[in-house]
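# Descriptive structure summary
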Amino acid sequence: EVLRAQPTNIYEFGAIYFRQLLEQQRKAESSDNLPKLLEALFIEADTDGSGFLDHNEFQAILHKAQLGLTDHQIRILMTEADEYPDGRIEYREFVPIAAQILKAAFQNAARNAAQQMVRQQIHGMYRQELNELLIHKFQEADPDGTGRIPRHKLRAVLEDGEIGLTRHEINLLIATSDDNGDGFFSWEEFSRHTYDALLNAYGAHELGLPRSSEEVLDILVQAARMKDPDQSGVLAPSDLQSALTSADMGLTRFQIGALMSLVPPDLEQVEYLPILRRIAPTIFSILQGEEMKNPPDARVNGMERATLTDELAQRLAAFEESGPVSFAQVHSVLTEMGFSPPQASAVESLCVGMDPQNISTAVVVQRAFDVLLQMKKLALDEQ
């Protein structure tokens, strides 16, 4: 009935409808009719009937429709708009969940204005740390030094496990950062929005992150059970690590490796529920932006980065003289260097997905210090 009575101008209708929705709080009506309204808006703009709109068209509709949304709320809405590699969005997949996001955006804006917590870190990193990591990855994606990369390369940068962004965060940053709508991103354009966009979204609880350790545990258990079709309660350590990644909790590669230090070494199968119960509070602290332990000396076992990296490289190189390095040889080197079993487990997590008879020693050498330093930041070396 609502759609049958709409005026000729669909955008005028959108404005009228939303004013009524907000004023009257007619929840039942909104849940039934809002998806229809949004779909009508997109169909109106989809002149070739393909079912797709490009990123800029998508945002333009949300602005033009006079829905009473701020730019920030539109960007939050765009976090659910997953793009195909060519930058197009299939809007019919987006519509069913859009109504819930819109309602939550309005409700959260007022409720959280006076309740925003002061976040110390994002993904366990301060602003400078995150910016330095992002610019490093940005430059890797721009080998010619043009200072600009296309949308698909930016998405690949943001999906890098070293950064640890969730799907919602990636969509938000892409929606936020293309100031001129040309589909290319300069570092200056991108860095201007990144940290504050995430900070604002966290403060308003608009990224769908869990709000308690219990919720974190539920998500982790669900991810682990997806790897455990027989519901046996046990997983190989590599499968448990994969579950932590697939849970999309915003953990960096090094944080996941540090958490794997809690898995007892030399086990082919591990009961995952006790381990998930132990790590859920730590993950929740990361998600809350609580200040992680920041070791002032940045040393691991008394060694600075260069010292540890050089010694590890030399010891592994000695094995490489005889051929490919095996996982067992990596383990023996870590033991000889005096690493504790949890530290060894953390470094060995870097080998997941590699041929156990042909380990990429360059990866182990380059990343060992970082994963061990994460153990210190998360105070896992004290457990």
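Note that this is a predicted model, so its numbers are computed, not measured. (Residues numbered from 1 in each chain as written. Predicted model: local features only at pLDDT ≥ 70, side-chain atom pairs only at ≥ 80, totals over all residues. Heavy atoms only, no water.)

As a further point, take the nonpolar core. Note that soluble globular proteins tend to have their nonpolar side chains buried in a common cluster. L220, L276, I279, I283 and L312 are the most contacted members of the largest nonpolar core, which totals 57 residues. By residue number, the principal contributor to this core is helix α14 (residues 272–287), which donates 9 residues. Apart from the residues lying within four places of it in its own chain, the contact partners of L276 are L217, L220, V221, A224, L240 and L244. (Core = buried A, V, L, I, M, F, W, Y, C linked by side-chain atoms within 4.5 Å. Buried < 20%, exposed > 50% of the residue type's maximum accessible area, 1.4 Å probe, protein only. Helix = DSSP H or I, 4+ residues; strand = E, 2+ residues; numbered from the N terminus. Contact = heavy atoms within 4.5 Å.)

Time to look at the side chain of K137. Inspection of the secondary structure puts K137 in helix α6 (residues 127–140). Residues contacting K137, with those up to four places away along its chain left out, are V157, D160, E162 and I163.

On to the packing of helix α15 (residues 305–320) against helix α16 (residues 327–336), then. Contact geometry of α15 with α16 gives a least axis separation of 10 Å together with a crossing angle of 140 degrees. With respect to α16, the element α15 is oriented oblique. As α15 runs across α16, the sense of the crossing is right-handed. Here α15 contributes L312, R315, L316 and F319 to the contact with α16, which in turn contributes Q329, V330, S332, V333, L334 and E336. For the contact of α15 with α16, the class distribution of residues is 6 nonpolar, 2 polar and 2 charged. (Axes fitted to C-alpha atoms, helices over the stretch in contact; angles between N-to-C directions. Parallel < 35°, antiparallel > 145°, perpendicular 65-115°, else oblique. Left-handed = near helix turned anticlockwise from the far one by under 90°. Nonpolar A, V, L, I, M, F, W, Y, C, P; charged D, E, K, R; others polar.)

Right, let's get into unusual backbone geometry. A positive phi angle, near 55 degrees, is found at H123, a position not held by glycine. Residue position: H123 is located in the loop between α5 (91–112) and α6. Although it is not a glycine, D248 adopts a positive phi angle of roughly 55 degrees. Note on placement: D248 falls in the loop between α12 (237–246) and α13 (253–259). According to the relative accessible area criterion, D248 is partly exposed, its value standing at 33%.

This paragraph deals with the pattern of salt bridges. Evaluation of the coordinates by the stated rule reveals 11 salt bridges. Among the salt bridges present, the one from E336 reaches R315, with a minimum N-O distance of 3.3 Å. Of this pair, E336 sits in helix α16 while R315 sits in helix α15, and the two are 21 residues apart along the sequence. Residue classification places R315 among the partly exposed residues on the basis of a relative accessible area of 29%. Taken together, the salt bridges that share partners define one network made up of K137, E140, D160, E162 and R253. (Salt bridge = Lys/Arg side-chain N within 4 Å of Asp/Glu carboxyl O.)

In this section: the environment of L259. In this fold, L259 is placed in helix α13. Measuring from C-alpha to C-alpha, the distance between L259 and L276 comes to 9.6 Å, with 17 residues separating the pair along the chain. Excluding residues that lie within four positions of it along the chain, L259 makes contacts with L251, I279, T282, I283 and L380.

As a further point, take the environment of D228. Mapped onto the elements of the fold, D228 is located in the loop between α11 (213–226) and β5 (234–235). Residue classification places D228 among the buried residues on the basis of a relative accessible area of 4%. Separated by 11 residues in sequence, D228 and D239 have C-alpha atoms that sit 8.8 Å apart. Beyond its immediate sequence surroundings of up to four residues, D228 is in contact with G233, V234, L235 and Y272. Of note is the side chain of D228, whose polar atom sits 2.9 Å from the backbone nitrogen of G233. (Polar contact = N/O pair within 3.5 Å; in protein donor to acceptor, adjacent residues only side chain to side chain.)

The next point concerns the packing of α15 against helix α18 (residues 361–377). Between α15 and α18, the least distance of the axes is 9 Å, while the angle of their chain directions is 150 degrees. Taken together, the axes of α15 and α18 are roughly antiparallel relative to one another. Judged by the twist between their axes, the crossing of α15 over α18 is right-handed. Across the interface between the two elements, R305, L308, T309, L312, A313, L316 and E320 of α15 pack against T361, V364, V365, A368, F369, D370 and L372 of α18. Residues of the contact of α15 with α18, tallied by class, amount to 9 nonpolar, 2 polar and 3 charged.

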